[in-house]
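Here is how the chains run, residue by residue.
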Amino acid sequence: MTSLLLFGATEGGLFDFDATLPLMAVQVVLLTFILNALFFKPVGRVVEEREGYVLTSRAEAKKKLAEVEKLEEDLREQLKEARQASQKLINDAEQDSDKLYREALALANSEANASREEARREIDSQKESALNQLKADAEKLGDLIVERLLAAQ
Amino acid sequence: MGSLSFAFPFAELEVGQHLYWEFGNFRLHGQVFMTSWIVIGALLALVVVGTRKMERDPRGVQNLLEFLWDYIRDLARTQIGEKAYRDWMPFIGTLFLFIFVSNWGGALVPWKLIHLPSGELGAPTADINTTVALALLVSLSYFYAGLSRKGLRYFEYYVHPTPIMLPFKIVEDFTKPLSLSFRLFGNILADELVVAVLVFLVPLVLPIPVMFLGLFTSAIQALIFATLAAYYIGEAVEEHH
């Protein structure tokens, strides 16, 4: 007689304890070990592997992102430098061409001045010689006129 | 209380009748074992199917199993703590799954269609033997957890924070399994009885909301049992400073 006499139950009843209790406990303990082997361990391994994978992937991605940002910064720096260099080149070239232009202009001006001066000098000298010639001719003519007049008297 | 039995044309209500199996001097409640084997079989089938081909991208039943695993891990981790929860997760999880599937199996499977010579099939957790067995396992495991982790220092817990607590803590060791077992037993049995009584009073429509309530209660009871078991273990392994 293993049933406990609770609430006046002699046979059956709600509170009928018997060998069901220990056997059920053994059954649940066995189930715990079986589920541990078939369920908790394998699923835990898979879940934790995935968590690890996600973690490392994320860390890697973060590292790569930082790298990319650094490269971008470098490139931006380089671009800025290149832009400055090209600006400087353009400025230099502009200044050079300006200088060349001015020099050429000055040269041309001075040349033009020189040739004008020379032309004027030549004109002056020719004018002078022409005047002298004229004066001489006029004097000769005058003399001739005077001679002729004197001779006619 | 003894055995109660009402016979009506539409339904029959039996309380406290069992199908006895006798092995030598021992007597077993056969209907409890039959349903518990079906519950365990269903659980094992689910687990075997779900873990047969596991991949990093979960598919099909693996999703469900991973959800359950994650749920149980969170439950164990919040109650037991980061350090010790791994050792106790299988036990807590088994309690939760076994009780949950038992309760829902009792509520969802039309056991009445199978006639037994005596007693009737139902949730294994509606039998006091099952719930007391589970509750005693919880008691044993929290003692084991405390003693294995802290040795004899475990008994400091009884005089923490003051020695005045000693009698209360000793009484607690008895009330814990008592309340665990009776809460589960009472809820599941009451649910089955309410449904059965309503079915024989009004055999149509009316019992359906109560059946849904029963499903809700069943799930909550499984969660409460597992959470309290985890909490007791957590209390036993907790370090006092």
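Everything that follows concerns the structure shown earlier in this document.
Here the structure is a predicted model, which means the values were calculated and not measured.

Details of the overall build of chain A
Piece 1. When you go through chain A residue by residue, the secondary structure sums to one helix and zero strands.
Piece 2. In terms of overall dimensions, chain A is more spread out than a globule: its C-alpha atoms have a radius of gyration of 63 Å, far above the 15 Å expected for 153 residues.
Piece 3. Taking the principal axes of the C-alpha coordinates as reference, chain A spans close to 205 × 25 × 15 Å.
Piece 4. Out of the 153 residues in chain A, the part that is buried amounts to 18%.
Piece 5. Accessible surface, chain A as shown: approximately 12,300 Å² in total, 61% of it carbon and sulfur.
Piece 6. Charge-centre separation for chain A: the mean point of 21 positive side chains lies 2 Å from the mean point of 29 negative side chains.

Details of the overall build of chain B
Piece 1. For chain B, the helix and strand inventory stands at six helices and four strands.
Piece 2. Structurally, chain B occupies a C-alpha span of about 65 × 50 × 40 Å along its principal axes.
Piece 3. Of all 241 residues assigned to chain B, the portion counted as buried reaches 47%.
Piece 4. Relative to all contacts within chain B whose residues are 6 or more apart in sequence, the contacts with residues 24 or more apart total 65%.
Piece 5. Here chain B displays about 12,300 Å² of accessible surface, and carbon together with sulfur accounts for 70% of that area.
Piece 6. Side chains of chain B give 16 positive and 20 negative charges; the mean places of these two sets differ by 8 Å.

Focus on the packing of aromatic side chains
Residues and elements named next belong to chain B.
Piece 1. Summed over all chains, the structure comprises 21 aromatic pairs over all chains.
Piece 2. Judged by centre distance (6.0 Å) and plane angle (45°), the ring pair of Phe 33 and Trp 37 falls under tilted. Of this pair, Phe 33 and Trp 37 both sit in helix H1 (residues 30–51), four residues apart, which is roughly one turn of that helix.
Piece 3. Judged by relative accessible area, Trp 37 falls into the partly exposed class, the value being 45%.

Some words on H1(B)
Piece 1. Between its terminal C-alpha atoms H1(B) stretches 31 Å, which fits the 32 Å expected from 22 residues at 1.5 Å a residue.
Piece 2. Of all the residues in H1(B), the buried ones are Gly30(B), Gln31(B), Val32(B), Phe33(B), Thr35(B), Ser36(B), Val39(B), Ile40(B), Leu43(B), Val47(B), Gly50(B) and Thr51(B).
Piece 3. In this fold, the buried residues of H1(B) make contact with helix H1 (20–152) of chain A together with strand S3 (20–23), strand S4 (26–29), helix H2 (61–80), helix H3 (85–108) and helix H4 (128–150) of chain B.

Side note on the interface of chain B and chain A
Where the parts come together, the accessible area they lose is often given as the size of the interface.
Piece 1. Every contact between the two is made by 52 residues of chain B and, on the other side, 36 residues of chain A.
Piece 2. Interface area, chain B with chain A, both sides summed: about 4,100 Å², of which 71% is carbon and sulfur.
Piece 3. In terms of surface lost to chain A, no three residues of chain B exceed Arg27(B), Arg56(B) and Trp69(B), which account for 16% of the buried area on that side.
Piece 4. At the junction of chain B and chain A, the tally comes to three salt bridges.

What to know about the pairing of S4(B)
Residue and element names in this part refer to chain B.
Piece 1. Judged from the four bridges that link them, S3 and S4 form a sheet pairing that is antiparallel. Residue Glu 22 lies in a different strand from S4, and its bridge partner there is Arg 27.
Piece 2. The turn joining S3 and S4, which pair antiparallel and follow one another in sequence, is formed by two residues; a positive phi near 60° is taken by Gly 24.

Quick word on unusual backbone geometry
Residues and elements named next belong to chain B.
Piece 1. A cis amide bond links His 160 with the next residue in sequence, Pro 161, at an omega value of -5°.
Piece 2. Take Pro 161: it is sitting in the loop between H4 and helix H5 (166–201).
Piece 3. Located in the positive-phi region is Val 205, a residue other than glycine, with phi close to 60°.
Piece 4. Examined against the element boundaries, Val 205 turns out to sit in the loop between H5 and helix H6 (207–237).
Piece 5. A relative accessible area of 62% means that Val 205 is categorised as exposed.

Topic: the packing of H1(B) against H2(B)
Residue and element names in this part refer to chain B.
Piece 1. Axis separation between H1 and H2 bottoms out at 8 Å; the angle between their running directions is 115°. The orientation of H1 relative to H2 falls into the category roughly perpendicular. When you trace H1 past H2, the crossing you get is left-handed. Contact residues: H1 offers Leu 46, Val 47, Val 49, Gly 50 and Thr 51, while H2 offers Val 61, Gln 62, Leu 64 and Leu 65.

Some thoughts on a nonpolar patch on the surface
Piece 1. A cluster of nonpolar side chains, namely Val26(A), Leu30(A), Ile34(A), Leu38(A) and Val48(B), defines an oily patch on the protein surface of about 390 Å² accessible area.
Piece 2. Considering each element in turn, the nonpolar patch owes the most residues, four residues, to H1(A).
Piece 3. Structurally, the position occupied by Leu30(A) is in helix H1.

Structural notes on the nonpolar core
Piece 1. If you look at the biggest cluster of nonpolar residues, it comprises 68 residues, and the most contacted ones within it are Phe39(A), Ile80(B), Ile92(B) and Val138(B).
Piece 2. Of all the elements in the fold, those that place two or more residues in this core are H1 of chain A together with H1, H2, H3, H4, H5 and H6 of chain B.
Piece 3. Setting aside residues up to four positions removed in sequence, Ile92(B) forms contacts with Leu75(B), Ile80(B), Ala226(B), Ala229(B), Ala230(B) and Ile233(B).

Things to note about the pattern of salt bridges
Piece 1. Taken as a whole, this structure holds 15 salt bridges over all chains when the rule is applied.
Piece 2. Its salt-bridge partner being Glu73(A), residue Arg76(A) comes within 3.7 Å of it at the nearest N-O pair. With Arg76(A) and Glu73(A) both in helix H1 and three residues apart, the pair spans about one turn of that helix.
Piece 3. You can call Arg76(A) partly exposed: its relative accessible area is 47%.
Piece 4. For the salt bridge of Glu235(B) with Lys176(B), the shortest nitrogen-to-oxygen distance reads 3.1 Å. Here Lys176(B) lies in helix H5 and Glu235(B) lies in helix H6, a separation of 59 residues in the sequence.

Conventions used here
Residues numbered from 1 in each chain as written. Chains lettered and ligands numbered in written order. Predicted model: local features only at pLDDT ≥ 70, side-chain atom pairs only at ≥ 80, totals over all residues. Heavy atoms only, no water. Helix = DSSP H or I, 4+ residues; strand = E, 2+ residues; numbered from the N terminus. Rg over C-alpha atoms; globule rule 2.2 N^0.38 Å. Buried < 20%, exposed > 50% of the residue type's maximum accessible area, 1.4 Å probe, protein only. Areas by Shrake-Rupley, 256 points an atom, 1.4 Å probe, with all protein chains shown as cover. Lys, Arg positive; Asp, Glu negative; His and termini not counted. Charge placed at Lys NZ, Arg CZ, Asp CG, Glu CD. Contact = heavy atoms within 4.5 Å. Phe/Tyr/Trp six-rings, centres within 6.5 Å; stacked < 30°, edge-to-face > 60°. Expected span 1.5 Å × (residues − 1). Buried area = accessible area lost by both parts, 1.4 Å probe. Salt bridge = Lys/Arg side-chain N within 4 Å of Asp/Glu carboxyl O. Pairing = 2+ DSSP bridges. Axes fitted to C-alpha atoms, helices over the stretch in contact; angles between N-to-C directions. Parallel < 35°, antiparallel > 145°, perpendicular 65-115°, else oblique. Left-handed = near helix turned anticlockwise from the far one by under 90°. Patch = residues over 30% accessible without salt bridge, like charges linked within 9 Å, V, L, I, M, F, W, Y side chains within 5 Å. Core = buried A, V, L, I, M, F, W, Y, C linked by side-chain atoms within 4.5 Å.

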